[in-house]
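So the chains spell out like this:
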Amino acid sequence: MQKFTTFTDTAIPLAIENIDTDQIIPARFLKATDRKGFGDNVFRDWRFNSDNTPNKDFILNNERYGGEILVTGHNFGCGSSREHAAWALAGYPFKVIISSFFADIFKGNALNNGLLPIEVSPAFLASLLNAVTENPATQITINLEDQTISSTVGVESFEIDGYKKLCLLNGYDDIDFLISKKEQIEAFEASL
């Protein structure tokens, strides 16, 4: 995984609440067991019409908006526990998802795949969605070390599990973290 420290980018506003994992990546695309290609089908049923032409009314197809930050409604990632949803978002590629609430399993899957879910207050989210929708050039800065998110609407702190923060800051997955502790593990084993 890539190290995540401070990141600034524009965002795509998706002001829809209760987006479930089947909307993020429909079940018919869950045939593969590796992460490749899932980003091509993120929000597939919203991004494309039944004849596979792009849905010009869906925000991801609007050329005014871009960036690797998705700002979305409350209760993002609800529904089934499929890790493929995190794979699809990271493969699109998004680096950050901002909402006022995430389903717990989705949040864990996102963090395990280098995707940072940031939970903000409903008021901050509403202001951010409004700012990004009105001005697609709105910059958002995430400082993981300080656990802050800032833009033209202000600054807000966010919570993150200490272990997952350490992993993101260092670009570790769970195996990389264990490897980084090899000397301590070997010393402990030798002391037994």
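Refer to the structure presented above.
Residues numbered from 1 in each chain as written. Predicted model: local features only at pLDDT ≥ 70, side-chain atom pairs only at ≥ 80, totals over all residues. Heavy atoms only, no water.

### A look at the overall build of the protein
Looking only at helices and strands, one finds eight helices and eight strands in the protein. At 18 Å, the protein has a C-alpha radius of gyration in line with the 16 Å of a compact globule built from 192 residues. Its C-alpha atoms give the protein principal-axis dimensions of roughly 65 × 40 × 25 Å. Per-residue burial for the protein yields a buried fraction of 44% across its 192 residues. Restricting the contact set of the protein to residue pairs at least 6 apart, pairs at least 24 apart contribute 65%. With an accessible surface of roughly 9,900 Å², the protein has 50% of that area assigned to carbon and sulfur atoms. Treating the 16 positive side-chain charges of the protein as one cloud and the 26 negative ones as another, the clouds have centres 5 Å apart. (Helix = DSSP H or I, 4+ residues; strand = E, 2+ residues; numbered from the N terminus. Rg over C-alpha atoms; globule rule 2.2 N^0.38 Å. Buried < 20%, exposed > 50% of the residue type's maximum accessible area, 1.4 Å probe, protein only. Contact = heavy atoms within 4.5 Å. Areas by Shrake-Rupley, 256 points an atom, 1.4 Å probe, with all protein chains shown as cover. Lys, Arg positive; Asp, Glu negative; His and termini not counted. Charge placed at Lys NZ, Arg CZ, Asp CG, Glu CD.)

### A look at the environment of Val 155
Among the secondary structure elements, Val 155 is positioned in strand S8 (residues 154-157). The spatial distance from the C-alpha of Val 155 to the C-alpha of Thr 141 is 9.3 Å, given a sequence separation of 14 residues.

### Focus on the packing of helix H3 (residues 84-91) against helix H4 (residues 104-112)
Running from N to C, H3 and H4 point in directions that differ by 50 degrees, and their axes come no closer than 8 Å. The orientation of H3 with respect to H4, classified from their angle, is oblique. The hand of the H3/H4 crossing is right-handed. Residue-level contacts link Ala 85, Ala 86 and Leu 89 of H3 to Phe 106, Asn 109 and Ala 110 of H4. By residue class, the composition of the contact of H3 with H4 is five nonpolar, one polar and no charged. (Axes fitted to C-alpha atoms, helices over the stretch in contact; angles between N-to-C directions. Parallel < 35°, antiparallel > 145°, perpendicular 65-115°, else oblique. Left-handed = near helix turned anticlockwise from the far one by under 90°. Nonpolar A, V, L, I, M, F, W, Y, C, P; charged D, E, K, R; others polar.)

### Regarding empty space enclosed by the protein
Counted by the stated rule, this structure contains one cavity of 30 Å³ or more. By volume, the largest cavity amounts to about 30 Å³. Elements represented by at least two residues in the lining of the largest cavity include exactly H4 and helix H6 (162-170). Taken together, the residues of the lining of the largest cavity break down into four nonpolar, one polar and three charged. (1 Å grid on protein atoms, 1.4 Å probe; cavity = no way out; pocket = protein on both sides within 12 Å on 5 of 7 lines; lining within 4 Å. Points joined across faces, edges and corners; volume = space filled by probe spheres on them.)

### Quick notes on the pattern of salt bridges
Enumeration over the complete set of coordinates arrives at six salt bridges. We note a salt bridge from Asp 22 to Arg 82, for which the minimum N-O separation is 3.0 Å. Placement of the pair is Asp 22 in helix H1 (residues 21-24) and Arg 82 in the loop between strand S3 (69-72) and H3, with a sequence separation of 60 residues. On the basis of relative accessibility, which here comes to 36%, the residue Asp 22 falls in the partly exposed class. (Salt bridge = Lys/Arg side-chain N within 4 Å of Asp/Glu carboxyl O.)

### So, the nonpolar core
Judged by nonpolar contacts, the single largest core of 26 residues is most densely connected at Ile 24, Phe 43, Leu 70, Phe 76, Leu 89 and Phe 106. Contributing elements (two or more residues each) for this core: strand S2 (11-14), H3 and H4. Per element, the largest residue contribution to this core is four residues, and it comes from H3. Apart from residues no more than four positions distant in its own chain, Leu 70 is found in contact with Ile 12, Leu 14, Phe 43, Phe 76, Leu 89, Phe 94, Val 96, Ile 97 and Ile 98. Ranked by size, the runner-up nonpolar core spans 24 residues in total, among them Leu 111, Leu 116, Phe 124 and Val 132. (Core = buried A, V, L, I, M, F, W, Y, C linked by side-chain atoms within 4.5 Å.)

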